[in-house]
Amino acid sequence: MALIKSISGIRGTIGGEVGEALTPLDVVKFAAAFGTWVLQTTNNNNIVIGRDARLSGDMVNRLVVATLQGLGINVIDLGLSTTPTVEMAVPAKKAGGGIILTASHNPKQWNALKLLNQHGEFINDQEGKLVLELAEKESFQFAEVTKLGKYTQSDKFLKRHIKAITDLPLVDVEAIKAANFKVVVDAVNSCGGFAVPQLLEALGVTQIEKLYCEPDGNFPHNPEPLPENLGEISRMMEKGKFDLGIVVDPDVDRLALVNEDGSMFGEEYTLVAVSDYVLQNTPGNTVSNLSSTRALRDVTEKSGGTYFASAVGEVNVVNMMKAQNAVIGGEGNGGIIYPELHYGRDALVGIALFLTHLAKSGLSISRLRAKYPNYYISKNKIELTPDIDVDAVLAKVQKQYAKQPVNTIDGVKIEFDKEWVHLRKSNTEPIIRIYAESDSLSTADHLANKIIGDIKDIISEKA
């Protein structure tokens, strides 16, 4: 069992002891802390909530709703919803904040409360620390019986979300319709099961094969949209009857694509391809996090823009995008952030922009992928004993490679011409994550193993 409290929210497994798993008491305490923070900082007593389809969602939802009402907060409940839909609903309803009940790509035994500010964006580090302090102190003031919050439900916002997407200047519904795409959708039996088909229909796609689109929370495979979890849709695509496969995670903020031959387009390249299309039409700057592929930088510079790297985490990407006036950004896990719509990862707008790009290119999806630079990322980690000073180890690595370009805004990222290695310490366990990228996987693995060897030498020196 696990319970992880962080500045971005609280997440854990269902069932177990208080403080060691996501129990009803933990849900209530954290919901009360966030509700209190919203009241104190915005003087606004309205909060929007929504949830993915996981099995514990209804239970957690009722706990959160009752807790917020007990604080005197009015709750607008979107029910089963996507994360980006909730993000857009918060400012639309002029609410003081939002809560999304989803553990994103985690397996079905997990759930979480993800917290949004009044702009429908994830709360930042400082705000998250204040919420954690309120939860720790349990300093809540509940409302008198005549001042309890009201509860309303709304199922209109997904339609508004889709309408806002189809109205975007860079989304060409007629081009998509004319392409007559045959599409397979794997929505891991969560909210993408209804959201993605509704979007595709609005875009003029009529040939939709639904795979795991029943939003009952019974995830048929690991819900993280990685190649090793997508065997079934890959085998369907291999039969040659479809133009592309679309895969989303349970809360629909990550997008993975499958080529017509069953091979993977690559999660890292979702952002690259969509950015290429956006940059062709609205030249400007881009942002992704330090652990994302260099291909975005290549595409950006080719179009005359400037690429910027942020610390890992959606809120960090968003802050950098605002600071650099980026026209598009996101994360290499298939997270598209298109500020023309809103500042949040959104698989739905990613689908619409990608299909427009694919339709206008006249290429198959595999041939479109072949247009982009080929990079491979090797993902590794070193497990450490709790007594090891991870910051000191990273500082020693930084010193060792001082002659190379080094970025230290989030761990240590070392650049070697068109190759790089990024080392980050985990916030929740004694682990150093080591990501390396090169133009071949074997070279990326070799580069990562070289740094891993350096780290082990540094640790043994200190022992």
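Definitions and limits used
Every chain is numbered independently, its residues counted from 1 as its sequence is written. Since the coordinates come from a predicted model, pLDDT governs what is reported: local features require at least 70, and pairs of side-chain atoms require 80 or more to be given and counted, while whole-chain, interface and lining totals use all residues. In computing side-chain properties, one takes all heavy atoms of the structure into account and sets aside hydrogens as well as water. The buried label applies to any residue whose accessible area, calculated with a 1.4 Å probe on protein chains only, is under 20% of its type's maximum; exposed applies above 50%, and partly exposed to all values in between. Counting from the N terminus, the helices are DSSP H or I runs at least four residues long and the strands are E runs at least two residues long. If DSSP finds at least two bridges between two strands, the strands pair. Only the stretch in contact is used when a helix axis is fitted, and all axes are lines through C-alpha atoms; the angle between N-to-C directions ranges over 0 to 180 degrees. For this analysis, residues touch if any pair of their heavy atoms sits within 4.5 Å. The sense of a crossing depends on the near helix, which, turned anticlockwise from the far helix by less than a right angle, makes the crossing left-handed and, turned clockwise, makes it right-handed. For this analysis, a ring pair means two rings from Phe, Tyr or Trp (six-membered ring only for Trp) whose centres lie within 6.5 Å, classed as stacked if their planes differ by under 30 degrees, edge-to-face if by over 60, and tilted for the remaining angles. Sitting over a ring, as applied to charges here, requires NZ of Lys or CZ of Arg to be within 6 Å of the ring centre and within 35 degrees of the ring normal. By nonpolar core is meant a set of buried Ala, Val, Leu, Ile, Met, Phe, Trp, Tyr and Cys residues that side-chain atoms within 4.5 Å join together.

Visitor: Even after reading the chapter, I still don't get helix H7 (residues 192-202), so can you show me in this structure?
Guide: Turning to H7, its buried residues are Gly 192, Gly 193, Ala 195, Val 196, Pro 197, Leu 199 and Leu 200. Phi turns positive one or two residues past the end of H7, at Gly 204, with a value near 90°.

Visitor: Any chance you could explain the sheet that holds strand E15 (residues 335-337) here in plain terms?
Guide: As a general point, the strands of a sheet are linked pairwise by backbone hydrogen bonds and lie either parallel or antiparallel. What the four strands build is an open sheet, ordered E13-E12-E14-E15; its pairing is mixed. Of all strands in the sheet, those bounded by a partner on one side alone are strand E13 (307-310) and E15. On average, each strand axis in the sheet is inclined to that of its neighbour by 20°, with strand direction left out of account. Pairing analysis gives four bridges linking strand E12 (residues 285-289) to strand E14 (residues 326-331), with the strands arranged parallel. From the neighbouring strand, Thr 286 faces E14, where its bridge partner is Ile 328. Against the sheet, helix H10 (residues 295-302) touches E12 and E13, its axis set at about 175° to E12.

Visitor: Help me out: how do you make sense of the packing of H7 against helix H12 (residues 347-361) in this one?
Guide: When two helices pack together, their arrangement is given by the angle between their axes and by how far apart the axes lie. Put simply, H7 and H12 touch, their axes get as near as 10 Å, and they point 35° apart. Along this stretch, H7 crosses H12, giving a crossing that reads as right-handed. When H7 is examined against H12, the residues Ala 195, Val 196, Leu 199 and Leu 200 are found in contact with a partner set consisting of Leu 348, Ile 351 and Leu 355.

Visitor: Whenever I open this one, the packing of aromatic side chains confuses me. Can you help?
Guide: What characterises a pair of aromatic rings is the spacing of the ring centres plus the angle enclosed by the ring planes. Counted under the stated rule, the structure contains four aromatic pairs. Pairing Phe 140 with Phe 142 gives two aromatic rings, centres 6.2 Å apart and planes at 70°, and the pair type is edge-to-face. Ring centres of Phe 265 and Phe 354 lie 5.3 Å apart, and the angle between their planes is 80°; this geometry places the pair in the edge-to-face category. In this pair, Phe 265 is assigned in the loop between strand E11 (255-258) and helix H9 (267-281) and Phe 354 in helix H12, connecting sequence segments 89 residues apart. For the cation-ring pair, Arg 160 lies above Phe 157, with the distance from its terminal atom to the ring centre recorded as 4.5 Å. If you follow Lys 322 out to its NZ or CZ, it ends over the ring of Tyr 343, 5.1 Å from the centre.

Visitor: Help me understand the nonpolar core in this model?
Guide: It is characteristic of soluble globular proteins that their nonpolar side chains tend to be buried jointly. In terms of nonpolar packing, the biggest core is built from 61 residues, with Leu 200, Leu 244, Ile 246, Leu 353, Phe 354 and Leu 355 touching the most fellow members. Per-element tally for this core: the top contributor is H12, with ten residues. Core analysis: the next-biggest nonpolar cluster, separate from the first, contains 29 residues, Val 38, Leu 68, Leu 101 and Phe 140 among them.

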